[in-house]
Amino acid sequence: MVEVRLQKYLAECGVASRRKSEELIKSGQVAINGKVVTELGTKVSEKDEVTVEGRLVSQTEQKVYVLLNKPTGYVTTVKDQFGRASVVDLIKEIRERVYPVGRLDYDTSGLLILTNDGELTYHLTHPKHEIEKVYNAFIEGVPTEEEIKRFQEGLKIEDYITSPAKFRIIKKENRNTWVEIVIHEGKNRQVRKMCEAIGHKVIALKRIAIGSIILGNLEEGKWRYMRNEELDALKNFSIELSN
Ligand code: URA
């Protein structure tokens with residue numbers, strides 16, 4: 001019988017991403033055959049009964065993949081300490097318990113992937129080789145060539161040096177500028193911090209693509225299931241990473 005590590009098993013069952021599953025284990029919320037387990041490497045097989053917060057998990061749940069055009073004014077966590085609306089409220093029709101791949105700020109809009117496929121989430125958000133994400137940002141002022149170069153080459157935000165990124169001016173509007181930004185990383189409020197680091201505060205931010213998946217004309221606040229070819233492209237990306 002095939003044995004897998006507990007966190008991988010939880011991710012495969014759609015409980016949460018592999019990293020979130022590790023947190024669940026460490027905080028004592030996972031039990032195998034009635035016994036709480038906090039050791040990350042613990043192996044399980046299909047014959048074991050695994051529960052999370054007392055709820056039995058199984059590998060039979062169908063995997064679903066959803067694209068949402070998130071409006072501003074929603075958090076991407078399921079619960080919010082300030083009681084703000086969650087993106088989960090916008091996908092109530094979906095029976096399966098899906099959760100966001102990565103995050104978007106409360107005041108950011110645009111493309112968000114939600115799924116119960118924890119393995120895919122794990123690969124797409126792995127810090128070493130995160131997938132390319134494309135943003136349209138409206139920033140204060142007009143950046144100089146020198147500032148753009150700093151942004152593109154990588155700059156210091158707090159204690160972190162960002163990887164090379166793309167930055168291109170789309171158009172100027174009054175005294176401000178619309179720009180297209182492409183980054184591979186997913187640090188908290190990274191685009192906003194990078195723009196601020198070159199002296200241009202973000203006025204509005206929208207994600208328009210994740211890898212080859214494009215937001216297109218999906219209406220704000222609406223969702224759709226991912227098309228097969230879109231899912232294949234994401235899975236191929238994730239397979240390339242694991243090799
Ligand atoms: N970068 C940000 O600053 N915010 C987001 O929501 C996404 C990327």
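For the structure, see preceding data.
Residue positions within a chain follow its written sequence, with the count starting from 1. In keeping with the predicted nature of the model, local features appear solely for residues at pLDDT of at least 70, side-chain atom pairs appear and are counted solely at 80 or more, and the whole-chain, interface and lining totals rest on all residues. The side-chain figures draw on all heavy atoms in the structure; neither hydrogens nor water molecules are used.

S.K.: Would you mind showing me how to read the environment of T108 here?
M.R.: Secondary structure is summarised from DSSP: a helix means a run of H or I of at least four residues, a strand means a run of E of at least two, and numbering begins at the N terminus for each. Tracing the backbone shows T108 in strand β9 (residues 108–115). Counting along the chain gives 85 residues from T108 to K193, while the straight-line C-alpha distance between them is 13 Å. A distance of 2.6 Å separates polar atoms of two side chains, one belonging to T108 and the other to R192. Two N or O atoms form a polar contact when they lie within 3.5 Å of each other; inside protein one atom must be a possible hydrogen donor and the other a possible acceptor, and for residues adjacent in sequence the pair counts only when both atoms belong to side chains.

S.K.: Looking at this structure, I do not really get unusual backbone geometry. What am I missing?
M.R.: Most of the time, phi is negative for any residue but glycine, and the peptide bond is trans. Positioned with a positive phi, E53 is a non-glycine residue whose angle comes to about 50 degrees. The residue E53 is located in the loop between β5 (50–52) and β6 (55–56) in this model. Although it is not a glycine, R189 sits at a positive phi angle of roughly 50 degrees. The residue R189 is located in the loop between β14 (176–183) and α5 (190–197) in this model. Accessibility expressed as a relative area gives 34% for R189, which makes it partly exposed. Remark: exposure states derive from per-residue accessible area (1.4 Å probe, protein chains only) relative to the maximum for the residue type, with buried under 20%, exposed over 50%, and partly exposed in between.

S.K.: Please explain the pattern of salt bridges as it appears in this structure.
M.R.: Side-chain pairs of opposite charge can arise whenever the charged atoms involved come near each other. Within this document, salt bridges are pairs made up of a side-chain nitrogen of Lys or Arg and a carboxyl oxygen of Asp or Glu, the two lying within 4 Å of each other. Enumeration over the complete set of coordinates arrives at 16 salt bridges. We note a salt bridge from E130 to K133, for which the minimum N-O separation is 2.5 Å. You'll find E130 and K133 in the same group, each marked buried. Note that K171 and E173 form a salt bridge whose closest N and O atoms lie 3.8 Å from each other. Look at E173 and you get partly exposed, because its relative accessible area is 30%.

S.K.: Any chance you could explain the pairing of strand β15 (residues 202–210) here in plain terms?
M.R.: The two faces of a sheet get side chains in turn, since along a regular strand they alternate between them. Note that β9 and β15 share three bridges and pair parallel. Counterpart to T108 in the pairing with β15 is L205. Each pair of strands is called paired provided DSSP finds at least two bridges between the two strands. Of the pairings in the sheet, the one linking strand β10 (residues 133–139) to β15 comprises seven bridges and is antiparallel in character. For F138, the partnering residue across the bridge sits in β15 and is A204. Sheet topology note: the β15/strand β16 (residues 213–214) ladder contains two bridges and is antiparallel. Within the sheet, the bridge partner assigned to I210 lies in β16 and is I213. Counting the residues in the hairpin turn of β15 and β16 gives two residues, including G211, whose phi is positive at 55 degrees.

S.K.: When you look at the sheet that holds β5 in this model, what are you seeing that I'm missing?
M.R.: In a beta sheet, neighbouring strands pair by backbone hydrogen bonds and run either parallel or antiparallel. One open sheet accounts for four strands, arranged β3-β2-β5-β6; its pairing is antiparallel. Every interior strand has two partners, whereas the edge strands, β3 (35–36) and β6, have only one. Of the pairings in the sheet, the one linking strand β2 (residues 30–32) to β5 comprises three bridges and is antiparallel in character. If you follow V30 over to β5, its bridge partner there is V52.

S.K.: Would you mind going over the site of the ligand with me for this structure?
M.R.: Throughout, near means a residue has at least one heavy atom within 4 Å of the molecule or strand. The environment of the ligand is made up of L104, D105, T108, Y135, R189, Q190, V191, R192 and L205. One of the backbone N or O atoms of Q190 is found 3.3 Å from an oxygen atom in the ligand. Here the accessible surface of atoms and residues is derived via Shrake-Rupley with a 1.4 Å probe, and residues count as covered only by protein chains that are part of the display. Notes on the ligand: free accessible area 240 Å², of which the protein chains cover 95%. A per-element tally of the shell around the ligand places α5 first, with three residues.

S.K.: Could you clarify how one ought to interpret helix α4 (residues 145–153) in this entry?
M.R.: Buried residues of α4: E147, I148 and F151, and no others. The buried side chains of α4 occupy one side of the element, clustering within an arc of 100 degrees when seen end-on. The exposed residues of α4 that point more than 90 degrees off its buried face are E145, E146 and E153. In this fold, the buried residues of α4 make contact with β13 (166–173), β14 and α5. Backbone geometry just downstream of α4 places G154 in the positive-phi region, at approximately 115 degrees. The arc in question is traced by the directions running from the helix axis to the C-beta atoms. Contacts are residue-level and defined by heavy atoms, with any inter-residue pair within 4.5 Å sufficient.

S.K.: What is the right way to read the pairing of β9 from this model?
M.R.: With eight of eight residues buried, β9 lies mostly within the body of the structure. In terms of strand pairing, strand β7 (residues 65–70) meets β9 through six bridges, oriented antiparallel. By the bridge assignment, Y65 is partnered in β9 with T115. Taken together, the two bridges between strand β8 (residues 99–100) and β9 define a ladder with antiparallel strand orientation. When the bridges of β9 are listed, Y99 appears paired with T115.

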